[in-house]
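Given next are the chains, with one letter for each unit.
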Amino acid sequence: MSSSSPPSFSMFLKCLFGPRLYRIHDMAQTQGKNYQPKPLESFCDGLIKLFTFTLQMGAYTSPIILVYLLRRGNNFHNGLVDTVRNVIKYSTGLAFALLSVYCFRAIARVKNNDYIRFISNLTLQQTSSSSPTIKRRYDFDFSQWAVDFKWNESRLADEKKPPLPLMTDSKASDALVDRMIAVPCNFITHIIAHTVGRWMIYPGSVGILQALMAPALIDGRKLLIERRKGIRYKLLAQDNNEIDCMFIDRRDSDERFGQKLVICCEGNAGFYESGIVVTPVHTGYSTLGWNHPGFGGSSGLPFPAQEVAAIDVVVKFALDKLGFDEKDVIIMGWSIGGYTASWAAMTYPDVRGLILDATFDDIVPLALARTPSWWKPLAISTIRGYFDLNVSRHLENYPGPVLIIRRTEDEMIITRDDEPIGTNRANDLLVKLFQSRFPVLMKDTKVCDALTSWLSGGPDSQRLLTRMHWSDSDFALSLLKNYEQTKGLRLSYPIEIGDDLDSESKIKLTIFLASKHFKDFNSTHCTPLPPEMFSEPYDLLSSLRKTSNL
C-alpha cells in the first residue's frame, strides 16, 4: 500500500488494534533495522505508556494510600468514598481521551510503509499458512503472537496431574482461637506476598523495571535472532500462562556439543535476552532460554505454582517439539533460577545433568539475614506460604549428576557480609546434597568438619586440604567399587558407604566427591559466567560403570 493512496477503513482498524512493532530483522532480502515510528505515533505511544505507568504506580502505591486513609481515622470512609466518586467522575473523559490517542496513533501508522507491510503480512499469516516466517521477520508485541506449542500436545501430558511445587508441610492448629487468629494473619501475608514480597523476590516482574529495560531486551533479541539464528516461540503452560522462550539450534554447526541442549533458568531480575543463555551458546551447545511468568513476553506472575508450570511446558517443548532426548538435556539455573532448574531435574530425572550457578539451598535463611527481628515471624510465614523456594528438597529427589558453582565474591546469597565465603548458601546446598546422597559419610563429625573447612576457604585453601588428605580419583573410585562388589548390587543414590572406613579414608572420599560436585568462580553474583567455566556435571555413577567394564 503506497503512502499516497487513501487508506481503507479496514486498514485503519488493523492499525488501531495492531501490535507495537519494535524491529524488522536482518534476513536474506531485508536489512535489519529498528522500526522508526512517525513523530505522531511516538507521541501517542508515549502518552499510552504514561497512562500505563500511572496505573502501575497506583497499584504499587495502593498499600501506602490505604495506610494514609486509615491514619485519617474517622475520615477514612469519607476519603475512600470521595476517591471512588472521583474515579467514576473522570473515567468517562479519560476513556474518550485515551481512545482519541489510539486513533491518532492509528492514523500515523497508516502513513508508515514499514508498519503497513508488517500488518499486512501479519494479517496474511492469521488467515492462511502462506507466510509462516512472520515471527522471524519482525519483533513485535508478544501478546499478539500465536501459540507454537501447548502443554497438552506433549506425549507426556497428563491432565490429571498438573505440575505442582513442593511445599513445606505446615501444621495447622485445630484450636478455635488459633484458627481465628490465623485469619487476619493469612490476610496480611497474602497482601504482602502479592505486593512488596513479590517485588523484592522477583523484581524483574515489576512493570516499571521492564519498561526501563525494554530497549536492552529488544537489542538482546536482535543479537540472538540475527547473529545466533535464534527462533522465538510462544508456549502455553497448563495454567494457561503464555511463556516466552528462545531456541538457538547448534545441531548442524557443532558436532561435539550441538546435539546436547542446555535449558537455562534465569535469576530474579534476569531475562533470556540478557542472561545466562550466552554462556552455553558460546560453548557450542544448543540452548533454550525462557522468561519467568510475568517477565518479558511471558504472562502470569512468578509464584511457585506458575513457575513450575512454565518450566514443565518448556521441557515438554524441548523433548516433543524440538526433538531432543531426555539424556541429552542439561538444566542450568542461575541464582533463583535454581528453583525451577532443580524442579525440572527432579521431575525429569533422566536428564543429562543439573548445573546450579550462584544458587542457594533455601530462600528463608537469606530473607531472615536481611529482615529486622520484629518482622521475622511474618517473613517466615509469608515465604513458606507463597515463596517456599527450597532447592535442596528438589535435589533429594534427583538421582543425576549435579554441579554447583559458587561465586567467591557473591554479595547476594550470603548471610554475613564479613564472611562471604563461609556463609555462602551454596555451601549449605552441597552439604544437604551429600546428606541425601552419602548419608553414612555425613554422620561422621570429623568428615563434616573437614568438609566445612574445605568449603570455608577459597580455591587455594581447597587445594591445600585436598593435598593434605591425598584425595585422588583412583583411591576414591576403588573404595566405591569395593563397596559395590561387597554389597553385590549396582550403585545408586543414596550410597551407604562408610561404615567400615576409618575417618581419614572417609575424609579423602568426601573431599574427592566435593571437588567433583563443586566449583569456585572468583566473581560477584551478577558477573556473566565465562564459557571456560562452563562444563557438564561429573557423573559419578557413569564413571563407576565404565570402571567396571574395563
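My aim in this report is to walk through the structure given alongside it, one point at a time.

Reading the values: the criteria
Residues numbered from 1 in each chain as written. Predicted model: local features only at pLDDT ≥ 70, side-chain atom pairs only at ≥ 80, totals over all residues. Heavy atoms only, no water. Helix = DSSP H or I, 4+ residues; strand = E, 2+ residues; numbered from the N terminus. Buried < 20%, exposed > 50% of the residue type's maximum accessible area, 1.4 Å probe, protein only. Contact = heavy atoms within 4.5 Å. Areas by Shrake-Rupley, 256 points an atom, 1.4 Å probe, with all protein chains shown as cover. Axes fitted to C-alpha atoms, helices over the stretch in contact; angles between N-to-C directions. Parallel < 35°, antiparallel > 145°, perpendicular 65-115°, else oblique. Left-handed = near helix turned anticlockwise from the far one by under 90°. Pairing = 2+ DSSP bridges. Expected span 1.5 Å × (residues − 1). Arc of directions from axis to C-beta. Polar contact = N/O pair within 3.5 Å; in protein donor to acceptor, adjacent residues only side chain to side chain.

### Remarks on the overall build of the chain
Phase 1: Helix and strand content of the chain: 20 helices and 12 strands.
Phase 2: Here the chain holds 550 residues, and the buried ones make up 48% of them.
Phase 3: Partitioning the intrachain contacts of the chain with sequence separation of at least 6 by distance along the chain shows that 75% fall at a separation of at least 24.
Phase 4: Here the chain has roughly 26900 Å² of accessible surface; of this, 57% comes from carbon and sulfur atoms.

### Observations regarding the packing of helix H14 (residues 425-437) against helix H19 (residues 503-517)
Phase 1: Interhelical geometry of H14 versus H19 gives an angle of 120° and a closest axis separation of 12 Å. Judged on the interaxial angle alone, H19 and H14 are oblique. The crossing of H14 and H19 is right-handed. Along the contact surface, H14 presents Leu 430, Leu 433, Phe 434 and Arg 437, while H19 presents Thr 510, Leu 513, Ala 514 and His 517.

### Some points on the pairing of strand S9 (residues 329-334)
Phase 1: A large share of S9 lies buried, amounting to six of its six residues.
Phase 2: Of the two faces of S9, both are covered, the one formed by Val 329, Ile 331 and Gly 333 as well as the one formed by Ile 330, Met 332 and Trp 334.
Phase 3: Note that strand S7 (residues 261-265) and S9 share five bridges and pair parallel. Its bridge partner lying in S9, Cys 265 is registered against Gly 333.

### Quick word on helix H16 (residues 445-456)
Phase 1: With 12 residues, H16 should reach 16 Å at 1.5 Å per residue; the first-to-last C-alpha distance of 16 Å fits that figure.
Phase 2: Buried within H16 we find Val 447, Ala 450, Leu 451, Trp 454 and Leu 455. Projected down its long axis, H16 shows its buried positions confined to an angular sector of 135°, all on one face. Away from its buried face, by an angle of more than 90 degrees, H16 presents the exposed residues Thr 445 and Lys 446.
Phase 3: For H16, the side-chain oxygen to backbone nitrogen distance between the N-cap and Lys 446 is 2.9 Å, and the N-cap itself is Asp 444.

Read these as layout, nothing more, since geometry by itself doesn't imply function.
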